[in-house]
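Structure at a glance
Take a look at the letters that make up each chain.
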Amino acid sequence: MVQDPDRFEIVLTEAYPQILFWFAMPFTSPVPWEAIAAYDGQEGRDRFADHPVGTGPFRIAHYAKRSRIALERNPTWWGTEHPEWRAPAAIYPTEGAPGDAEAGLLPPDVVGQPLPFLDRIEMRFEKEAIPSFTKFVQGWYDRSKIPKESFDQAARGGTLSPEMQARGMRLERTVMPGTYYLGFNMRDPVVGHDAGDRGRKLRQAMSLVVDAPEFQRVFLNGRGVTAQSPVPPGLFGYDPDYRNPFRQVDPERARRLLAEAGYPGGVDPATGRPLRISFDTGDPSVQGRLRYEFFVAAWRKLGLDVEIAATSYNQFQDKIRRGAYQLFMWGWIADYPDPENFLFLLWSEMGQTQSGGPNTANFGDPRFDALFLATRDRPNDAERMAGIVAMRDLLETERPWIELFHPEDYALLHGWLSQVKATGLTVPVFKYYAIDPAPRAEARVAWNQPVRWPAWAALAIAFAVVAPAVVTWARERQ
Amino acid sequence: MIAYLLRRLVWGAVTILGVLLFLFWLFVLYAQPEDVARRALGEKAPPEAIAQWLVNHGYDRPAVWNPEAPLDTRLFDHLSRMLRFDFGASDADDAPIAARLRSGIGPTLGVTLPLFAIGLPLSLALALGVAFFRDTYIDRLGVVVCVLAMSVSILLYILGGQFLLGKLLRWFPISGFDPDPGLALRFLALPVFVGVLAGLGSDVRFFRTVFLEETGRDYVRTARAKGAGDARVMLRHVLPNAMIPVLSAVSLTIPFLFTGSLLLESFFGIPGLGSITVEAIQNNDFATLRVMVYLGALLFIAVQVATDVAYTWVDPRVRLE
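Residues numbered from 1 in each chain as written. Chains lettered and ligands numbered in written order. Predicted model: local features only at pLDDT ≥ 70, side-chain atom pairs only at ≥ 80, totals over all residues. Heavy atoms only, no water.

Take the overall build of chain A next. Scanning chain A from terminus to terminus reveals 17 helices and 18 strands. A separation of at least 24 residues holds for 67% of the contacts in chain A among residues at least 6 apart in sequence. Side-chain charges of chain A comprise 54 positive and 60 negative groups, with the mean position of each set lying 7 Å from the other. (Helix = DSSP H or I, 4+ residues; strand = E, 2+ residues; numbered from the N terminus. Contact = heavy atoms within 4.5 Å. Lys, Arg positive; Asp, Glu negative; His and termini not counted. Charge placed at Lys NZ, Arg CZ, Asp CG, Glu CD.)

It is worth spelling out the overall build of chain B at this point. In terms of regular secondary structure, chain B is built from 14 helices and zero strands. Beginning at the N terminus, the succession of helices and strands in chain B can be written as α-α-α-α-α-α-α-α-α-α-α-α-α-α. Taking all 321 residues of chain B together, the buried fraction comes to 45%. Taking the contacts inside chain B whose residues are at least 6 apart along the sequence as the reference set, 69% of them involve residues at least 24 apart. Placing the 27 positive and 27 negative side-chain charges of chain B at their respective mean positions leaves the two points 11 Å apart. (Buried < 20%, exposed > 50% of the residue type's maximum accessible area, 1.4 Å probe, protein only.)

What follows is about the packing of aromatic side chains. Residue and element names in this part refer to chain A. Summed over all chains, the structure comprises 40 aromatic pairs over all chains. A centroid spacing of 5.5 Å and a plane angle of 90° characterise the contact between Phe294 and Phe295, whose relative ring orientation is edge-to-face. Owing to a relative accessible area of 19%, Phe294 belongs among the buried residues under this scheme. Exposure remark for Phe295: the relative accessible area of 0% places this residue in the buried category. On the basis of an interplanar angle of 70° and a centroid distance of 5.8 Å, the ring pair of Trp332 and Phe344 is categorised as edge-to-face. Within this pair, whereas Trp332 is found in strand 14 (residues 327-333), its partner Phe344 is found in the loop between helix 12 (340-343) and helix 13 (352-355), the two being separated by 12 residues in sequence. Neither Trp332 nor Phe344 differs from the other in exposure class; each is buried. (Phe/Tyr/Trp six-rings, centres within 6.5 Å; stacked < 30°, edge-to-face > 60°.)

Our next topic: the pattern of salt bridges. Residue and element names in this part refer to chain A. Inspection of every chain in the model, using the stated rule, returns 48 salt bridges over all chains. Across the pair Lys421 and Asp100 runs a salt bridge whose closest N-O atoms are separated by 3.0 Å. Of this pair, Lys421 sits in the loop between strand 17 (417-418) and strand 18 (434-435) while Asp100 sits in the loop between helix 3 (78-81) and strand 5 (120-124), placing them 321 residues apart in sequence. One network of salt bridges, in which partners are shared, links Asp197, Arg200, Lys201, Arg203, Glu260, Asp365, Arg367 and Glu398. (Salt bridge = Lys/Arg side-chain N within 4 Å of Asp/Glu carboxyl O.)

In many reports, interface size means the accessible area that the parts give up when they come together. Between chain A and chain B, the contact holds 36 residues from the first and 36 residues from the second. Here chain A meets chain B over a buried area of about 3200 Å², counting both sides, of which 50% is carbon and sulfur. Contact with chain B buries area across many residues of chain A, yet A:Arg66, A:Lys127 and A:Asn314 alone supply 21% of it, more than any other trio. Notably, a salt bridge pairs A:Arg124 with B:Asp178, separated by 3.5 Å at the nearest N-O pair. For the pair chain A and chain B, the interface holds 13 residue pairs in polar contact (both at pLDDT 80 or more). Where the side of chain A that touches chain B is concerned, the elements lending two or more residues are helix 4 (129-137), helix 11 (313-322), strand 14 and helix 17 (453-477) of chain A. When residues in the side of chain A that touches chain B are grouped by element, the largest group, eight residues, is from helix 17 of chain A. Tallied by class, residues from the side of chain A that touches chain B come to 17 nonpolar, eight polar and 11 charged. (Buried area = accessible area lost by both parts, 1.4 Å probe. Polar contact = N/O pair within 3.5 Å; in protein donor to acceptor, adjacent residues only side chain to side chain. Nonpolar A, V, L, I, M, F, W, Y, C, P; charged D, E, K, R; others polar.)

All names here are of chain A. The strand order across the open sheet formed by three strands is 6-16-7, and the pairing between neighbours is antiparallel. In this open sheet, the two edge strands, each paired with only one partner strand, are strand 6 (143-145) and strand 7 (170-175). With direction set aside, neighbouring strand axes in the sheet form an average angle of 30°. Contacts from helix 4 reach strand 6 and strand 16 (408-413) within the one sheet, and its direction differs from that of strand 6 by about 145°. (Pairing = 2+ DSSP bridges. Axes fitted to C-alpha atoms, helices over the stretch in contact; angles between N-to-C directions.)

Right, let's get into the packing of helix 9 (residues 218-225) of chain B against helix 10 (residues 230-241) of chain B. Residues and elements named next belong to chain B. The contact between helix 9 and helix 10 brings their axes to 10 Å, and the two run at 155°. With respect to their mutual orientation, helix 9 and helix 10 come out roughly antiparallel. Every pair of crossing elements has a handedness; the one defined by helix 9 and helix 10 is right-handed. Between helix 9 and helix 10, the residues in contact are Tyr219, Val220, Ala223 and Arg224 and Asp230, Val233, His237, Val238 and Asn241, respectively. Across the contact of helix 9 with helix 10, the residue classes tally to five nonpolar, two polar and two charged. (Parallel < 35°, antiparallel > 145°, perpendicular 65-115°, else oblique. Left-handed = near helix turned anticlockwise from the far one by under 90°.)

Now for the sheet that holds strand 4 (residues 68-73) of chain A. All names here are of chain A. One open sheet holds the three strands; their spatial order is 3-4-5, and the pairing between them is antiparallel. In this open sheet, the two edge strands, each paired with only one partner strand, are strand 3 (58-64) and strand 5. Taken over all neighbouring pairs, the strand axes of this sheet differ in orientation by 15° on average, direction set aside. Two elements, strand 3 and strand 4, share six bridges in a ladder whose sense is antiparallel. Of the residues in strand 4, the one forming a bridge with Phe58 is Arg73.

This part is about the side chain of A:Arg399. All names here are of chain A. One can find Arg399 in the loop between helix 15 (382-398) and strand 15 (401-406). With relative accessibility at 0%, the residue Arg399 sits in the buried group. Here the side chain of Arg399 touches Glu396 through a polar contact of 2.9 Å, landing on its backbone oxygen. Excluding anything up to four places from it in sequence, Arg399 contacts Phe184, Arg203, Gln204, Ser207, Asn244, Phe246 and Arg247.

All names here are of chain B. Domain annotation for chain B reports domain 1 (15-83) and domain 2 (105-314). Each of domain 1 and domain 2 was reduced to a C-alpha centroid, and the two centroids are 38 Å apart. Contacts between the two partners involve 13 residues from domain 1, matched on the other side by 12 residues from domain 2. Per-residue buried area on domain 1 facing domain 2 is highest for Ile16, Phe27 and Met82; these three make up 45% of the total on that side. One can count two residue pairs in polar contact (both at pLDDT 80 or more) joining domain 1 with domain 2. Listing elements by their share of the side of domain 1 that touches domain 2, those giving two or more residues are helix 1 (2-30), helix 2 (33-41) and helix 4 (74-83). If one sorts the elements of the side of domain 1 that touches domain 2 by residue count, helix 1 sits on top with seven residues. Classifying every residue of the side of domain 1 that touches domain 2 by side-chain character gives 10 nonpolar, two polar and one charged. (Domains from an automatic or database assignment.)

Before going further, it helps to spend a moment on the confidence of the model for chain B. Confidence along chain B averages 87 in pLDDT terms, with 99% of residues attaining 70 or more. The element-level mean pLDDT for chain B is lowest in helix 2 of chain B, coming to 78, with helix 6 (residues 137-151) of chain B highest at 93. (pLDDT = per-residue confidence, 0-100.)

Below, the discussion takes up the nonpolar core. Ranked by internal contacts, the top residues of the largest apolar core, which has 62 residues, are A:Met206, A:Phe279, A:Phe295 and A:Trp299. A total of six residues in this core trace back to one element, the largest contributor, which is helix 10 (residues 286-300) of chain A. Beyond its immediate chain neighbours, meaning those up to four positions away, A:Trp299 contacts A:Leu182, A:Met206, A:Val209, A:Val210, A:Phe279, A:Leu304, A:Val306, A:Leu327 and A:Ile402. If you look at the next biggest cluster of nonpolar residues, it comprises 32 residues, including B:Ala45, B:Ile50, B:Met82 and B:Leu289. (Core = buried A, V, L, I, M, F, W, Y, C linked by side-chain atoms within 4.5 Å.)

A separate point is the confidence of the model for chain A. Averaged over all residues, the pLDDT of chain A equals 91, while 100% of them reach at least 70. Averaged pLDDT values for the elements of chain A fall to 78 in helix 13 of chain A and rise to 97 in strand 15 of chain A.

This brings us to the packing of helix 5 (residues 97-132) of chain B against helix 10 of chain B. Residues and elements named next belong to chain B. For the pair helix 5 and helix 10, interaxial distance at closest approach is 11 Å and the crossing angle is 125°. It follows that helix 5 is oblique to helix 10 by the angle criterion. The chirality of how helix 5 crosses helix 10 is right-handed. Taken together, the residues of helix 10 that come into contact with helix 5 (itself represented by Leu128, Ala131 and Phe132) are Asp230, Ala231, Met234, Leu235 and Leu239. Per-class residue counts for the contact of helix 5 with helix 10 are seven nonpolar, no polar and one charged.

See below:
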């Protein structure tokens, strides 16, 4: 309901506190309808997507989506036009999360100052990671992710290498609000709901031999937080002290559970052969296969015969739609920082095969559903926490997922860039950044002096090779 | 000659029609549009959004035959659009493909034209030099170096060039592009240098063979007998007579001047037509991909016809009948 030209009211038909997060996401940013009408992509006019008009502290100065985007300070931003409002979004925060002050994120000369601090931001689209990282090391970029190939050079063992320290860089580690997991298709007769206690014990046994920290060490350069439940760090309901008993590696217990499930030594009594399970994936690459082999090798030790069924991504999607899969690896990154955004992945209403939702495990348990619905719309209070713990305990036993890790992002920053705090979400935070341009200019000159002597050496070699032949030819001619 | 050209053009049109039908089978019938939609909209897209995407992109219409409206088919739409050069919108992000091609042609020509303009004369000059010093250590060393150079993958040239010339010696920016002409030259220098270097081995070896074949002919002996010097023999007699095979080899590379070098553009971050093609492959953007293949085929046929005409200019003995 429109209240006046600057205000409108949204009336919800049911409680949905997560809507507040929606208003912090890019797709709810206010945009002028005139601009949408003008940039309609018809008769040679730009599309709005190629000519964005917004209401933020920066505006687009150059927009070539595939190569370069430049932003410049927006002089008509409401925060700039009305500094007297001292609106929370228009001044640098006066308080932060625990640890922010120690990390130098609340310097006294900056706190409470009007935003933004930068006049212009240049973003270059780089397809290849290694050249991009090299340009960062040369000082042409202020911030960079660390490509796999350069990881040891930059941040071995989670700390900055001496070479990077000498250049005044900082390492920024961010645990992403996301969870990677192995999932069982709960509609499958062998590993799913219909297998009852037998299937539950099979899933528990398989969960007990997957060594997630080792996986992180081998494939992720040791990055990430080992997951014990679906809810990632930083979200309400995450308990750093919780240890899922079925996520601690215990092959002996796994063998006992497998025998109790009716598969002693991993053998299916119906066939007399190791129980065959299909591990479906949409990544047929060599690297992908190596990753899946890691899990298959662990299950092989239990005597299970898990076969990797690698197809193209689209064929895999098709299998998921048809429900023709048993085991898969998947991940989910938060849309917004609320546990509901993870727990709904196991809500029966979201069943992938039944309704095309993101519950790819097709987990459906009335107890979980009741707990989910009871906590979904609650504020973050003790009752909600109790509901989340109850769901966690249920998942602990039922094991529709084998939780693996919460991903961790490493980025490098040059010393001249300050007031950067990664959120792990796609929330633009450029307005808080500050740059000291003088040391950057000096470093760029100092770090990029060309080495010229090899050019002269190459010319000398070429001359030495050709000269005798020319001299001989000249003599013969005479 | 006109009858010959007309015949070539008719065959060219038939070939283009064949290419268009093949593209229709490959990108419209064989490729599942639902997969393209899912790739474009992301994993979290609901089925309704996928269905709407299919309608918006015309994938909901009958493919080949529509008894109610015979012209309202995807086949007719595909053929008429391509023949009218109305390329429509990208499958990946709905951006107009024609606008994307216009924005990409500049950066592509920025790389390929200098590469061609420097690479061809340099290869010809080096090949003439090596042929000039035939049966000397220069010739033998030249052949060995050429064989080595042509045995190395262009990927190694690119990565080696970026590492050695960009990172270690810091002569050039390691990658990137800027439309500002002053800065563009700085960014284009390394890809052009690497491209020229990567092509030298095979070109010099081929041209050397052609020149050596010519130097054994009677007219060369006659020219020498008449007192022509070595340089005059090579430049005035051998070079013009070797132009037919040179022209044939060069004509094969001309379409790529416009469609761009996939690897060079991709690794050096040049937003040209080669990058557009690579991106279209990566994103399952079949609408863009079929336009690129179609334009490549058109260029190829046009250049072939033009080359036939050029033969009559470089060698008056050639008659097109």
